[in-house]
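# Structure assessment
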Amino acid sequence: MRGAFAKDIETACLSIGRGNAKTALSAGIGLGHLVGEIAPQPKREIIFAARNRDQAKTAFGFLVGFIEGLPEDEQKQFTIRRGSRLEVETSAAGSGLARVIAADGKSILGGAPTLAILDERAAWEREKGDALENAILSGLGKRDGRALIISTSAPDDANTFSRWLDEPPTGTYVQEHRPDAGLPPDDFDSLLVANPGAIEGIGPSADWLVAQAMRAIARGGSALSSFRNLNRNERVANDNRSVLLTVDEWLACEVSPDDLPERDGPVVLGIDLGGSRSMSAAALYWPDTGRLECVGAFPCKPNLADRGQADGVSGRYIEMADRGELVTMGDATVPVARFMADIVTKLDGQSPAAIVGDRFRHAEFLEALHAAGLDRVPFIWRGFGWKDGSEDCERLRRAVFEGEVKTVPSLLLRSAFSDAITLVDPAGNHKLAAGRSTGRIDPVAATVLAVAQGVRMRRAPTQSKGSLVWG
């Protein structure tokens, strides 16, 4: 409250776990504003905006409930309309109007709100939601209004609500209750970070949260992802019908550097080449031990800071570079031959048993292999369509579930797997869908290629040596 209504603040953002009374709090603020206690100006206009009318009706219900709790003589000054329009009008202190709207930008054009409450902003549809938000914020400027944007965490960093939190403009107050990433779902302290009301008797109790965490862990899949997103307030996609691996499934592959398997046996190199704006990535996989290493590369122009702003991930690329997981080379494009040569250099003299790449980049690969001196290394061409892509995705999943993939904690891979979306055919086969994914999934593509080929090599039948028999 103090931060949201501080001097020179135009927009306040609150991100907190489900059930912590953020909607009730905003409705109480709306009532205070409606009667002129917060902003005593005439003809006040309060907007409750949500993805749809039913969702906005929740905040409206809280507002009406607070009004019904007032003394009867004060209730007479309010007119409540529940028909096609959900509105509350008051004649007190210069009059005021509170109304509910859905995420359609045209429904707000021409208004001059003094307070706007944008409820569950992360759940709004991208185009309609952004249109409504822009219309509301432009209307607030007419009368020095204020916006309250409240929601649980969005499923990814590219969501508009996430960008409000990560890159707040001047005049924005941000309060985010989000625990550190990578913690167990039932970690008690981090549960209280996302649910501060639990210790005050507001919303779900601490015992209930722990019990739900154990249930989600036992069920796994979408139940666990939904718990992380809604109750732990983490940026995790809660719809797992078309993801390659859930966050928790991938986190099971991460081990400490001391527990990382050795570089024993043959190594497979998976390469995914990017263009001028996309990332190139390489994955090294030792099928005998399950060790996985991955590195990505961007061209030098634009720099990593500008790319992070354009992709809506703030300083994540710079952090990846500081961790040694992301490099920059070349000017406008990543030089393929140099990139592949640098990856082979990381092997300290070990030659790859096979290199796997996209058959549609056939000519580029041939030129790069010759320039990097890798002509004699067997190259295996794979596609990302249904025939090859679904097989490779399934082999990766099987290897992950069987504990055959181990890597050190990698922000590059963790970020890529959280963004990787798949297309699913009627038979339940999955293939990577770059067009539907929300971020840079090139490291995932390289990992799929390397691990799938490594699994094929390890499970291939061995031919016994022949012997001579005298007859």
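## Things to note about the packing of helix H1 (residues 22-34) against helix H2 (residues 53-68)
The geometry of H1 relative to H2 is characterised by a closest axis approach of 8 Å and an angle of 55° between their N-to-C directions. As judged from the angle between their axes, H1 and H2 are oblique. As H1 packs across H2, the resulting crossing turns out to be right-handed. Counting all contacts with H1, which are made through Thr23, Ala24, Ala27, Gly28 and Leu31, the residues of H2 involved are Thr58, Ala59, Phe62, Leu63, Phe66 and Ile67.

## Re the sheet that holds strand S9 (residues 268-272)
The six strands lie next to each other as S12-S11-S10-S9-S13-S14, forming an open sheet whose pairing is mixed. Here the strands that pair on one side only, and so sit at the sheet edges, are strand S12 (326-328) and strand S14 (379-382). Sheet twist, expressed as the mean angle between neighbouring strand axes with direction ignored, is 20°. As defined by bridge partners, S9 adjoins strand S10 (residues 280-286) across five bridges and the pair is classed as antiparallel. Bridged to valine 268 within S10 is tyrosine 285.

## Digging into the sheet that holds strand S4 (residues 86-90)
Strand order in this open sheet of eight strands is S3-S4-S5-S2-S6-S7-S1-S8, and the pairing throughout is mixed. Each edge of the sheet is formed by a strand with only one pairing partner; in this case those strands are strand S3 (78-82) and strand S8 (172-176). Strand-to-strand, the axes of this sheet are offset by a mean angle of 10°, without reference to chain direction. Contacts from H1 reach strand S1 (11-15), strand S2 (44-50), S3, S4, strand S5 (96-102), strand S6 (115-119) and strand S7 (146-151), with the element oriented near 160° to S2. Lying over the sheet, H2 contacts S2, S3, S4, S5 and S6, oriented at roughly 30° with respect to S4.

## Quick look at the pairing of strand S13 (residues 354-358)
Counting buried positions along S13 gives five out of five residues, so the element sits mostly inside the fold. Across three bridges, S9 lies against S13 in parallel orientation. Among the inter-strand pairings, glycine 270 is bridged to a residue of S13, identified as valine 356. Alignment of S13 against S14, held across four bridges, turns out to be parallel. Note on S14: the bridge partner recorded for valine 356 is isoleucine 380. Note that the unit made of S13, helix H13 (residues 362-371) and S14 has a crossover that is right-handed.

## Comments concerning the environment of leucine 245
For leucine 245, the location among the structural elements is in the loop between helix H8 (221-231) and helix H9 (247-251). A relative accessible area of 2% means that leucine 245 is categorised as buried. Taking the C-alpha atoms as reference points, leucine 245 and glycine 220, 25 residues apart in sequence, are found 12 Å from one another. Beyond its immediate chain neighbours, meaning those up to four positions away, leucine 245 contacts Trp250, Arg397, Val400, Phe401 and Phe417.

About the cut-offs
- Residues numbered from 1 in each chain as written.
- Predicted model: local features only at pLDDT ≥ 70, side-chain atom pairs only at ≥ 80, totals over all residues.
- Heavy atoms only, no water.
- Axes fitted to C-alpha atoms, helices over the stretch in contact; angles between N-to-C directions.
- Helix = DSSP H or I, 4+ residues; strand = E, 2+ residues; numbered from the N terminus.
- Parallel < 35°, antiparallel > 145°, perpendicular 65-115°, else oblique.
- Left-handed = near helix turned anticlockwise from the far one by under 90°.
- Contact = heavy atoms within 4.5 Å.
- Pairing = 2+ DSSP bridges.
- Buried < 20%, exposed > 50% of the residue type's maximum accessible area, 1.4 Å probe, protein only.
- Right-handed = clockwise from strand over helix to strand, strands pointing away.

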